[in-house]
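Survey of secondary and tertiary structure
If you want the building blocks of each chain, they are given just below.
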Amino acid sequence: MCGIVGYIGKREASPILLEGLKRLEYRGYDSAGVAVLADGALKLKKYKGRVTDLARNLNTASLSGSLGISHTRWATHGAVTEANAHPHVSHDGKISLVHNGVIENYLAVKKFLESTGVEFYSETDSEVFCNLIAYHYKKEAEDSPTRFLDSVRRSLRHIDGTYGIAVISTDCPDELVGARKGSPLIVGIGKDEYLLASDVSAIISRTSNVVYLNDGEIVSLKDGELNLLTNDEEILTPEIKQIDWDIAESELGDYEHFMLKEIFEQSGALENAMRGRFSDDKSSAKFGGLNVSAQELRQIDRILLCACGTAWHACLVGEYLIERYARIPVEVEYASEFRYRNAPLDKNTLVIVISQSGETIDTLAALRESKRKGYKTLAINNSVGSTIARESDGGIYQHAGPEIGVASTKAFTSQLHILSMLALYLGRLRDMSFQEGREYVEALKKAPALVTETVKLSGKILEISKKYKDMEDCLFLGRQDMFPIALEGALKLKEISYIHAEGYPAAEMKHGPIALINEKCPVIVIAAQPDIHAKLLSNIQEVKARGAPVIAVTNESNPLPENLVDDQILIPDCHRALLPVIASIPMQLLSYHIANLRGCDVDKPRNLAKSVTVE
Ligand code: M6R
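Criteria and cut-off values
Residues numbered from 1 in each chain as written. Predicted model: local features only at pLDDT ≥ 70, side-chain atom pairs only at ≥ 80, totals over all residues. Heavy atoms only, no water. Helix = DSSP H or I, 4+ residues; strand = E, 2+ residues; numbered from the N terminus. Rg over C-alpha atoms; globule rule 2.2 N^0.38 Å. Buried < 20%, exposed > 50% of the residue type's maximum accessible area, 1.4 Å probe, protein only. Contact = heavy atoms within 4.5 Å. Areas by Shrake-Rupley, 256 points an atom, 1.4 Å probe, with all protein chains shown as cover. Lys, Arg positive; Asp, Glu negative; His and termini not counted. Charge placed at Lys NZ, Arg CZ, Asp CG, Glu CD. Domains from an automatic or database assignment. Buried area = accessible area lost by both parts, 1.4 Å probe. Phe/Tyr/Trp six-rings, centres within 6.5 Å; stacked < 30°, edge-to-face > 60°. Lys NZ or Arg CZ within 6 Å of the ring centre and 35° of its normal. Pairing = 2+ DSSP bridges. Axes fitted to C-alpha atoms, helices over the stretch in contact; angles between N-to-C directions. Salt bridge = Lys/Arg side-chain N within 4 Å of Asp/Glu carboxyl O. Parallel < 35°, antiparallel > 145°, perpendicular 65-115°, else oblique. Left-handed = near helix turned anticlockwise from the far one by under 90°. Nonpolar A, V, L, I, M, F, W, Y, C, P; charged D, E, K, R; others polar.

1. Re the overall build of the protein chain
On a plain count of helices and strands, the protein chain comes out with 19 helices and 25 strands. Relative to its length of 615 residues, the protein chain is compact, with a C-alpha radius of gyration of 26 Å against a globular reference of 25 Å. Its C-alpha atoms give the protein chain principal-axis dimensions of about 80 × 55 × 40 Å. Here the protein chain, with 615 residues, has 60% of them falling under the buried criterion. Long-range contacts, defined here as pairs at least 24 residues apart, represent 71% of the contacts in the protein chain between residues at least 6 apart. A total accessible area of about 23200 Å² is found for the protein chain, and carbon and sulfur atoms account for 48% of it. Seen as two clouds, the 69 positive and the 83 negative side-chain charges of the protein chain have centres 2 Å apart.

Below you can see the structure in the form of structure tokens.
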């Protein structure tokens, strides 16, 4: 949710921290701050607002020093104020900390610290954490060379909840300490420097060598050395991984917004999802990292798909695809519900979690719960090295490239495409014929070209958006696998334009939502399945009869009668397995243009953050 960047090395820390924060801002953007240590003095600047505001108000020369920590916040405990912004400083001025996560027992710890005379300046759990470290620091032997590290380690024993932290001490001008439990943290290893960050995007411009911390690990970066240990003092050998990101991928280029850039990148994202993933006889898919044999997959009786938000919509589409092409029963669960529901699962159930970031806490918890119960787990994930990728038994990387816009677009369609490929693979292990498999592969390969054609609708959709930009309510309707696309269309519109939108199965409308329909509530109908066209036409008639404007998304070869619709978006004809991807694109473009016309901050919508790492 929030972003952390820390630096220790030979260069000026504050410009490096600010650059990292700018790249991390999509993680949270209500306030930001930097603390730098030089000559035993802590220099601190916090700002209520965006990183760019902080940068504008910060004189880097006055924050000179080569050890520092920084943070961009998404508020959990306490309002959006400068006092609640990080870094926090302990009451004695010795310890400074940035923290991602939530400390559940912070009230008890705060009460204890208050009884020792500590005063608090903010409403945050993070300030409590910072003072707990200061408390232990005071108790450690003054001459101990590991005094600072030990005080952090001891504090962690008294903390319930989740954290990714970076900490510095005025007494230790050569040491940066980090720790992780439930909130991502990585060490970047540069030339004569180390970085600590919650996300690779913060450090990619300085190094591609990283060490991913696991839960329960602490790192001390001191005197040019990296010491990694567990909370129980077991010394670990750091495993250095190489990140294969291209820095240009996370830059805006000529686009006005990341969201638009990412919509236009979808063709390439689908190419990447398919690269090297078809069988030699071109009748099936193949995946390198599943770690489940074909024999084991044939034994599977049921699949559980689990995720949050947009990725949950991908699961709903996956249910249709896998049941239709592989004939395996599928259930879909919100990750946040699954972990507390204690649902009885058949022992031959395969659990697949889907997550763009690979760090969503509820999805991670669902994965862990499934593993604890002994189920085989797979992850469809876009972030190499993420916690979900590392903890699942196997999986499929999306290779969609970094997604910076908070509203998920290319990650979603790439998840849909991978689910289509998985349905093909599972289908070919069961009843799907060689010929059907060959045709399916041929169809999948056409997806990038069809996407390129579909994004060209942007201009037309901009014109339609101008007519509807001032609406305050709208409905998205679809049937079968277009129902999840309707849900996704509604989510996209509400999250970036703040228009109230609902997604419904088209035929369910008359069981309640029809009461909302009037001339001020436009209805977007996805009517792109030739086999149920007539049914959708009836649903449209029901809407029209109540005076609502209708925007229809349908196939080029099957346009709707003009008198029935106010606006019509014609998408290219395609194989049934590709339709969810192609039909998603007009939804994305409509939301984008409407939000942009309303003057909304498309890439950083209010109250949201890219990756939700708190419950
Ligand atoms: O990183 P994840 O795929 O696990 O994220 C899940 C949701 O938080 C995410 O899809 C969210 O709903 C997006 N804002 C949707 O655009």
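Having put the structure on the table, let's press on.
2. Quick look at the domain arrangement of the protein chain
Domain boundaries assigned for the protein chain yield domain 1 (3-243), domain 2 (253-445) and domain 3 (458-606). Centre-to-centre, using C-alpha coordinates, domain 2 lies 26 Å away from domain 3. Every contact between the two is made by 32 residues of domain 2 and, on the other side, 27 residues of domain 3. Here domain 2 packs against domain 3, burying approximately 2500 Å² in sum over the two surfaces, 69% of which is carbon and sulfur.

3. With respect to the packing of aromatic side chains
The full count for this structure, using the stated rule, is 6 aromatic pairs. Centroid distance Trp 312 to Tyr 334: 3.8 Å. Interplanar angle 10°. Geometry classified as stacked. One end of the pair, Trp 312, is in helix α9 (residues 309-326); the other, Tyr 334, is in strand β17 (residues 330-334), and 22 residues separate them in sequence. Among the residues examined, Tyr 334 registers a relative accessible area of 40% and is labelled partly exposed. Note that Lys 110 overlies the ring of Phe 120, its terminal NZ or CZ placed 5.2 Å from the centroid. Directly above the aromatic system of Tyr 137 lies the positively charged group of Arg 147, at a separation of 3.9 Å from the ring centroid.

4. Things to note about the sheet that holds strand β21 (residues 473-478)
Pairing in this open sheet of 5 strands is parallel, and the strands run β22-β21-β23-β24-β25 from one edge to the other. If you trace the sheet from one side to the other, it starts and ends with β22 (500-505) and β25 (567-571), each paired once. Strand-to-strand twist of the sheet, defined as the mean angle between neighbouring strand axes without regard to direction, takes the value 15°. Looking at chain direction, β21 and β22 are connected through 6 bridges and run parallel. Bridging from a neighbouring strand, Gly 478 pairs with Pro 505 of β22. Sitting on the sheet, helix α16 (residues 458-468) is in contact with β24 (550-555) and β25, with an inclination near 155° to β25.

5. Section: the pattern of salt bridges
Tallying each qualifying case throughout the model produces 33 salt bridges. The shortest N-O distance in the salt bridge between Arg 372 and Glu 369 comes to 2.5 Å. Of this pair, Arg 372 and Glu 369 both sit in helix α11 (residues 361-372), 3 residues apart, which is roughly one turn of that helix. We note a salt bridge from Lys 492 to Glu 495, for which the minimum N-O separation is 3.4 Å. One end of the pair is Lys 492 and the other is Glu 495, both in helix α17 (residues 482-497) and 3 residues apart, which spans about a single turn. With respect to burial, Lys 492 and Glu 495 carry one shared label: buried.

6. Quick look at the pairing of strand β18 (residues 349-355)
Counting buried positions over the 7 residues of β18 gives 7, a clear majority of the element. The side-chain alternation of β18 yields two buried faces, one formed by Thr 349, Val 351, Val 353 and Ser 355 and the other by Leu 350, Ile 352 and Ile 354. Relative to β18, strand β16 (residues 302-307) runs parallel, the two being bridged by 5 bridges. Within the sheet, the bridge partner assigned to Arg 302 lies in β18 and is Thr 349. The pairing of β18 with strand β19 (residues 376-381) spans 6 bridges and is parallel. Bridge assignment links Ser 355 to a residue of β19, and that residue is Asn 381.

7. Section: the packing of helix α15 (residues 447-455) against helix α19 (residues 579-597)
At their nearest, the axes of α15 and α19 sit 10 Å apart, and the two run at 25° to each other. Here α15 lies roughly parallel to α19, going by the angle between them. Like other packed secondary-structure pairs, α15 and α19 cross with a definite hand, here right-handed. Taking contact as the criterion, the partners of Leu 450, Val 451, Thr 454 and Val 455 in α15 are, on α19, Val 581, Ile 582, Ile 585, Pro 586 and Leu 589. A class-by-class count of the residues in the contact of α15 with α19 yields 8 nonpolar, 1 polar and no charged.

8. Overview of the sheet that holds strand β1 (residues 3-9)
Strand order in the open sheet formed by 8 strands is β3-β2-β4-β1-β10-β9-β11-β15, and the pairing between neighbours is antiparallel. Whereas interior strands pair on both sides, the edge strands pair on one side only; in this sheet they are β3 (41-48) and β15 (241-242). Where helix α1 (residues 13-24) meets the sheet, it contacts β1, β2 (31-38), β4 (67-73) and β10 (193-197), and its direction lies at approximately 155° from that of β1.

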